[in-house]
Amino acid sequence: QVQLVESGGGLVQAGGSLRLSCAASGRTFSSYAMGWFRQVPGKEREFVAVISWSGGRTYYADSVKGRFTISRDNAKNTVYLQMNSLKPEDSADYYCAADHLPYRSSNYDLLREYVYWGQGTQVTVSS
C-alpha cells in the first residue's frame, strides 16, 4: 500500500509560479514512476507529467511543455511539479499518482496505468 499526500496548491496570479509536492509513504518509492494529473470539476482528469523511477525520463502534456517541470527526490520520497508562467486555464485540482511500473514509454497518460492516487491539491490562477 502507498499513501500519497499532495501540498503546495493555492491562489496565484497569471504569470506566477507554484511548486507542488507529493510525499509518498509505504512501498518503496523509488521502484515506480510517478505522475501528475489535473481535473477541473465537471471534466475528465487529464495527464500533466510523468517521471521515471530514476528521474531520467520525463514526459509532459503539450499544454504544459516548457512551463512545468516534474522532478523527484527518492531520498525524501517526494515528487515535485514546478509550475511557471501559469495561466488561468491551469486552474484545477492536481493529483499525484504512482504507477506500478518503474518506467513506461507509452500509455503514461492513461489513468488506468496508475495504482495509487493522492487526494489532490487545488490550484487557482487568477487573470
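As a starting point, this report considers the structure included with it.

Conventions and cut-offs
- Residues numbered from 1 in each chain as written.
- Predicted model: local features only at pLDDT ≥ 70, side-chain atom pairs only at ≥ 80, totals over all residues.
- Heavy atoms only, no water.
- Buried < 20%, exposed > 50% of the residue type's maximum accessible area, 1.4 Å probe, protein only.
- Helix = DSSP H or I, 4+ residues; strand = E, 2+ residues; numbered from the N terminus.
- Pairing = 2+ DSSP bridges.
- Phe/Tyr/Trp six-rings, centres within 6.5 Å; stacked < 30°, edge-to-face > 60°.
- Lys NZ or Arg CZ within 6 Å of the ring centre and 35° of its normal.
- Axes fitted to C-alpha atoms, helices over the stretch in contact; angles between N-to-C directions.

Observations concerning the pairing of strand β11 (residues 121-126)
Link 1 in the chain: Residues Thr121, Val123 and Val125 line the buried face of β11, whereas the alternating positions Gln122, Thr124 and Ser126 sit on a face that is not buried.
Link 2 in the chain: Sheet analysis places strand β2 (residues 10-13) next to β11, joined by four bridges and oriented parallel. Bridging across to β11, leucine 11 finds its partner in threonine 124.

Observations concerning the packing of aromatic side chains
Link 1 in the chain: For the structure shown, the criterion picks out seven aromatic pairs.
Link 2 in the chain: Centroid distance phenylalanine 29 to tyrosine 32: 6.1 Å. Interplanar angle 80°. Geometry classified as edge-to-face. Residue phenylalanine 29 shares its accessibility class with tyrosine 32, and that shared class is buried.
Link 3 in the chain: Relative to tyrosine 114, the ring of phenylalanine 37 lies with its centre 5.0 Å away and its plane at 80°, an arrangement referred to as edge-to-face. Here phenylalanine 37 is found in strand β4 (residues 34-39), whereas its partner tyrosine 114 is found in strand β10 (residues 114-117), with 77 residues between them in sequence.
Link 4 in the chain: Taken together, the ring pairs in this structure connect Phe37, Phe47, Tyr59, Tyr108, Tyr114 and Trp117 into an aromatic cluster.
Link 5 in the chain: The aromatic ring of tyrosine 95 is capped on one face by arginine 45, whose charged end is 3.6 Å from the ring centroid.

Concerning the sheet that holds strand β3 (residues 18-26)
Link 1 in the chain: Taken together, four strands build an open sheet; the order of strands is β1-β3-β8-β7 and the sheet is antiparallel. The strands lining the two open edges of the sheet, one partner per strand, are β1 (2-7) and β7 (68-73). Direction aside, the axes of adjacent strands within the sheet are offset by 15° on average.
Link 2 in the chain: Direction of pairing for β1 relative to β3: antiparallel, over a ladder of six bridges. Looking across to β3, one finds that valine 2 is bridged to glycine 26.

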